Amino acid sequence: QRCVVLRFLKSPPNQNKTSEEILHHLQNIVDFGKHVMKQFFGENYVHHGEIIQLPLDFVRQLCLKIQPERPESRCDKDMDTLSGYAMCLPNLTRLQTYRFVEHRPILCIEIKPKCGFIPFSSHVSQEIKHKVCRYCMHQHLKVANGKWKRPSKYCPLDLFSGNKQRMHFALKSLLQEAQNNLKIFKNGELIYGCKDDQDCVSDVNELARHLKPFFFPSNGLVSGPHCTRTIVKELIHVITMTLLSSTDACRAGDMKTVPISQGRSYCEASAFNKELVRNGKHKLESSGLPRGCLLYKTLQAQMLDMLDIEGLYPLYSRVEQYLEEFPEERSTLQIDGPYNEAFYEKLLDLSSEDDGTVAFALTKVQQYRIAMTAKDCSIMIALSPCLQDECSEQRPVVLTSKSRFTFSVSVLDLDLKPYESIPHQYKLDGKIVNYYLKNVQAKDDPVMSSLFKENEDCTLVLHKV
């Protein structure tokens with residue numbers, strides 16, 4: 001009735017935490033959303049939820065009921081059925097302007113945009129990182145490891161460019177190869193995208209059939225490939241408009257903005273960029289994002305990663321060394337919370353002059369954790385058709401050629417990335433870059449490429465001498 005979601009903690013088997021520990025962990029998640037991420041993203045976009053206690057009998061029954069629905073890859077962890085604590089959150093596949101279930105169809109698009117800038121840090125050791133974005137490089141390693149069948153043409157820099165042409169291309173690429181970066185729900189049911197690595201629903205014609213009543217209510221369009229193309233185009237247009245809209249009066253707190261890098265606003269590996277180069281056109285510069293929109297705020301939070309993992313890792317080691325000598329200082333340094341106003345205040349120090357102190361190192365480590373969280377968050381866009389006379393001034397509206405929607409935009413997956421994951425990030429970064437240099441760039445290299453081109457058609461050009 002109230003259209004809410006219950007979220008339970010999961011943990012590896014035999015690692016049962018006490019009820020107090022679980023309550024503390026959940027409290028940290030709520031506080032972090034409330035006192036930190038709300039400051040970055042704004043009041044309307046972040047739903048931090050509240051902690052509630054449920055009857056244990058209900059929790060056990062629920063656990064048994066959902067177990068068969070859980071993807072196999074997630075079953076290495078067990079749901080907490082002993083404490084009775086859970087987080088109660090709004091169901092973001094629904095419109096957030098109403099507290100109760102609306103009796104009209106609702107469409108929801110979930111996008112995981114990933115990192116939208118190229119590192120600008122002088123600590124970067126491989127030149128390729130200044131030219132090709134992390135996402136595009138990582139795609140090749142994921143395909144090689146068998147996580148995905150083929151690389152996606154999506155490049156986050158195109159989505160974050162603010163240039164409508166590039167954004168349309170990025171969203172079209174996501175629709176073609178959704179991986180776990182795009183999901184579409186109709187009335188809360190997944191109709192497009194992947195539940196996990198194996199289980200994908202990605203028939204575009206089927207999607208168009210679902211979406212037709214939303215975009216062409218009078219049903220005047222014939223079916224077939226033309227219909228599918230038109231509907232997909234309308235969908236991409238609506239997503240772009242809502243992503244560029246600002247539905248939040250609150251500016252991103254008193255956060256000083258991180259200067260957008262002097263580096264590139266495009267990625268050399270982007271299929272859009274390659275297409276431009278192939279057609280002999282110059283780079284399409286980014287139009288820039290409107291300051292109030294969620295993509296802009298997400299990018300600002302991501303850019304707290306000012307040093308790149310290569311510049312950050314030595315600072316992490318400095319903090320680690322200090323903690324080895326003074327383990328009792330861990331709570332004073334607020335590494336595991338509490339995530340309160342004081343924690344947020346320390347994040348606002350954007351100075352890059354390393355004075356050799358633990359305090360400087362810790363600030364950079366915490367900023368990096370926030371940036372990692374923003375690089376991995378999801379944006380939820382809920383859309384509901386509304387009639388001309390229903391659309392009041394209070395609700396944001398987006399128009400298409402045949403219909404109009406009221407919408408809400410929210411952000412989720414905002415749990416702070418663990419302090420302990422930094423060494424893993426450092427190793428993974430090296431792995432991604434080395435794989436790309438060895439296996440991908442080598443093929444693009446003009447000298448090397450002749451070795452790979454036996455099977456391709458070639459043109460022989462003769463010059464008069």
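It should be noted that the structure appears before, not after, this text.
Computed from a predicted model, the values in this text were never measured in an experiment.

J.: Any details on the overall build of the chain? Residues and values, ideally.
T.: Helix and strand counts for the chain come out as 14 helices and twelve strands. A buried classification covers 48% of the 465 residues belonging to the chain. Sequence-distant contacts in the chain: of pairs separated by 6 or more residues, those separated by 24 or more amount to 74%.

J.: So what about the nonpolar core? Which residues, and what values?
T.: Val 36, Phe 40, Phe 41, Phe 215, Leu 235 and Ile 370 are the most contacted members of the largest nonpolar core, which totals 85 residues. The element that contributes the greatest number of residues to this core is helix 7 (residues 225-244), accounting for nine residues. In contact with Leu 235, other than residues within four places in its own chain, are Leu 107, Ile 109, Leu 175, Ile 184, Leu 207, Leu 211 and Phe 215. Membership of the second largest hydrophobic core comes to 17 residues, among which are Leu 307, Ala 361, Val 365 and Tyr 419.

J.: Describe a positive patch on the surface, and please don't skip the residues or the numbers.
T.: Judged by side-chain charge, Lys 153, Lys 172, Arg 229 and Lys 233 come together as a positively charged surface patch. One can find Lys 233 in helix 7. Take Lys 233: its relative accessible area is 64%, and that puts it in the exposed class.

J.: With reference to specific residues and values, describe the pairing of strand 6 (residues 107-111).
T.: Counting buried positions over the five residues of strand 6 gives five, a clear majority of the element. Burial along strand 6 is two-sided: Leu 107, Ile 109 and Ile 111 and Cys 108 and Glu 110, pointing in opposite directions, are all buried. Note that strand 6 and strand 7 (residues 182-186) share five bridges and pair antiparallel. Within strand 7, the residue paired with Glu 110 across the bridge is Lys 183. Where strand 6 and strand 10 (residues 378-385) come together, five bridges link them in antiparallel fashion. For Ile 111, the partnering residue across the bridge sits in strand 10 and is Ile 379.

J.: I'd like a rundown of the sheet that holds strand 1 (residues 4-7), residues and numbers included.
T.: Pairing within the open sheet is antiparallel, and its three strands lie in the order 1-5-3. Since the sheet does not close on itself, it has two edges, and those belong to strand 1 and strand 3 (50-53), each with one partner. Direction aside, the axes of adjacent strands within the sheet are offset by 40° on average. Relative to the sheet, helix 1 (residues 19-41) contacts strand 1, strand 3 and strand 5 (85-90), its axis offset from that of strand 5 by approximately 20°.

J.: Explain the packing of helix 10 (residues 308-325) against helix 12 (residues 358-375) to me, using residue names and the numbers behind them.
T.: The axes of two packed helices give the description: the angle between them and the distance between them. Relative orientation of the contacting elements helix 10 and helix 12 amounts to 125°, with a least axis distance of 9 Å. Classified by the interaxial angle, the pair formed by helix 10 and helix 12 is oblique. Considering how the two elements wind past one another, helix 10 and helix 12 form a crossing that is left-handed. For the pair formed by helix 10 and helix 12, the contact residues are Ile 309, Leu 312, Leu 315, Tyr 316, Arg 318, Val 319 and Tyr 322 on the first element and Val 358, Phe 360, Ala 361, Leu 362, Lys 364, Val 365 and Tyr 368 on the second. Along the lines of polarity and charge, the residues of the contact of helix 10 with helix 12 split into twelve nonpolar, no polar and two charged.

Rules of the game
Residues numbered from 1 in each chain as written. Predicted model: local features only at pLDDT ≥ 70, side-chain atom pairs only at ≥ 80, totals over all residues. Heavy atoms only, no water. Helix = DSSP H or I, 4+ residues; strand = E, 2+ residues; numbered from the N terminus. Buried < 20%, exposed > 50% of the residue type's maximum accessible area, 1.4 Å probe, protein only. Contact = heavy atoms within 4.5 Å. Core = buried A, V, L, I, M, F, W, Y, C linked by side-chain atoms within 4.5 Å. Patch = residues over 30% accessible without salt bridge, like charges linked within 9 Å, V, L, I, M, F, W, Y side chains within 5 Å. Areas by Shrake-Rupley, 256 points an atom, 1.4 Å probe, with all protein chains shown as cover. Salt bridge = Lys/Arg side-chain N within 4 Å of Asp/Glu carboxyl O. Lys, Arg positive; Asp, Glu negative; His and termini not counted. Charge placed at Lys NZ, Arg CZ, Asp CG, Glu CD. Pairing = 2+ DSSP bridges. Axes fitted to C-alpha atoms, helices over the stretch in contact; angles between N-to-C directions. Parallel < 35°, antiparallel > 145°, perpendicular 65-115°, else oblique. Left-handed = near helix turned anticlockwise from the far one by under 90°. Nonpolar A, V, L, I, M, F, W, Y, C, P; charged D, E, K, R; others polar.

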